[in-house]
Amino acid sequence: MSTATITLSSKGQVVIPKEIRDELHWEAGTELTLIANASGVTLKAVPKKTGSNLSDLIGMLKHDGPALSTEALCQPVDLNEEDRSDAS
């Protein structure tokens, strides 16, 4: 990881050097979190949403036909020889 010394402007702004932005893949518009601690601050990129939250996946799979009961969904699947040959 690179290290850089930067200066706080009169407006309280800092510029993250291009070398570090490139190393971290931070582009214009990247959201950052500033965390204050006893020795100073830590700057972290806000993770991008990847659809890994369950709420982001609701409605992704569609079912044609009538709704299935919870009991029907919980029944074990029993494949017979005919079903197995169809699957291959």
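Sequence positions are assigned chain by chain, starting from 1 and proceeding in written order. Selection of residues for local features in this predicted model requires a pLDDT of at least 70, selection of side-chain atom pairs for listing and counting requires 80 or more, and totals for whole chains, interfaces and linings are taken over all residues. Working from all heavy atoms in the structure, the side-chain values ignore hydrogens and water.

### Focus: the overall build of the protein chain
For the purposes of this entry, the term helix denotes a DSSP run of H or I that reaches at least four residues, the term strand denotes a run of E that reaches at least two, and both are numbered from the N terminus. Counting its regular elements, the protein chain contains four helices and two strands. When the elements of the protein chain are put in sequence order from the N terminus, they spell out α-β-β-α-α-α. Taken across its 88 residues, the protein chain has 3% of its residues classed as buried. Only the protein chains shown count as cover for residues, with accessible areas throughout obtained via the Shrake-Rupley method and a probe of 1.4 Å. For the protein chain, the computed accessible surface area is about 8500 Å², with 56% contributed by carbon and sulfur atoms. Buried residues are those whose accessible area, probed at 1.4 Å on protein chains only, stays under 20% of the maximum for their type, while exposed residues exceed 50% and partly exposed ones sit between those limits.

### Re the pattern of salt bridges
Here a salt bridge means any side-chain nitrogen of Lys or Arg lying within 4 Å of a carboxyl oxygen belonging to Asp or Glu. Applying the stated criterion across every chain yields a total of one salt bridge. Where Asp-22 meets Lys-18, a salt bridge forms, and the shortest distance between an N and an O atom there is 2.8 Å. Residue Asp-22 and its partner Lys-18 are both found in helix H1 (residues 18-24); the two are separated by four residues, about one turn of the helix.

### Thoughts on unusual backbone geometry
Even without glycine at this site, His-25 takes up a positive phi of about 60 degrees. By the element assignment, His-25 lies in the loop between H1 and strand S1 (32-37).

### Some remarks on the pairing of S1
Note: two strands are recorded as paired if DSSP finds a minimum of 2 bridges between them. Pairing analysis gives six bridges linking S1 to strand S2 (residues 40-45), with the strands arranged antiparallel. Paired with Ala-36 across the bridge in S2 is Val-41. Where S1 folds back on S2, the antiparallel hairpin that results is connected by two residues.

### Describing the environment of Arg-21
By the element assignment, Arg-21 lies in helix H1. You can call Arg-21 partly exposed: its relative accessible area is 30%.

### Overview of a nonpolar patch on the surface
A patch consists of residues whose relative accessible area exceeds 30% and which take part in no salt bridge; residues with like charges are grouped when within 9 Å of each other, and nonpolar side chains (Val, Leu, Ile, Met, Phe, Trp, Tyr) when within 5 Å. Together, Leu-32, Leu-34, Val-41 and Leu-43 make up an exposed nonpolar region whose accessible area comes to about 360 Å². Sorting the residues of the nonpolar patch by element identifies S1 and S2 as the ones contributing at least two each. Inspection of the secondary structure puts Val-41 in strand S2. Relative accessible area serves as the criterion here: at 57%, Val-41 is assigned to the exposed category.

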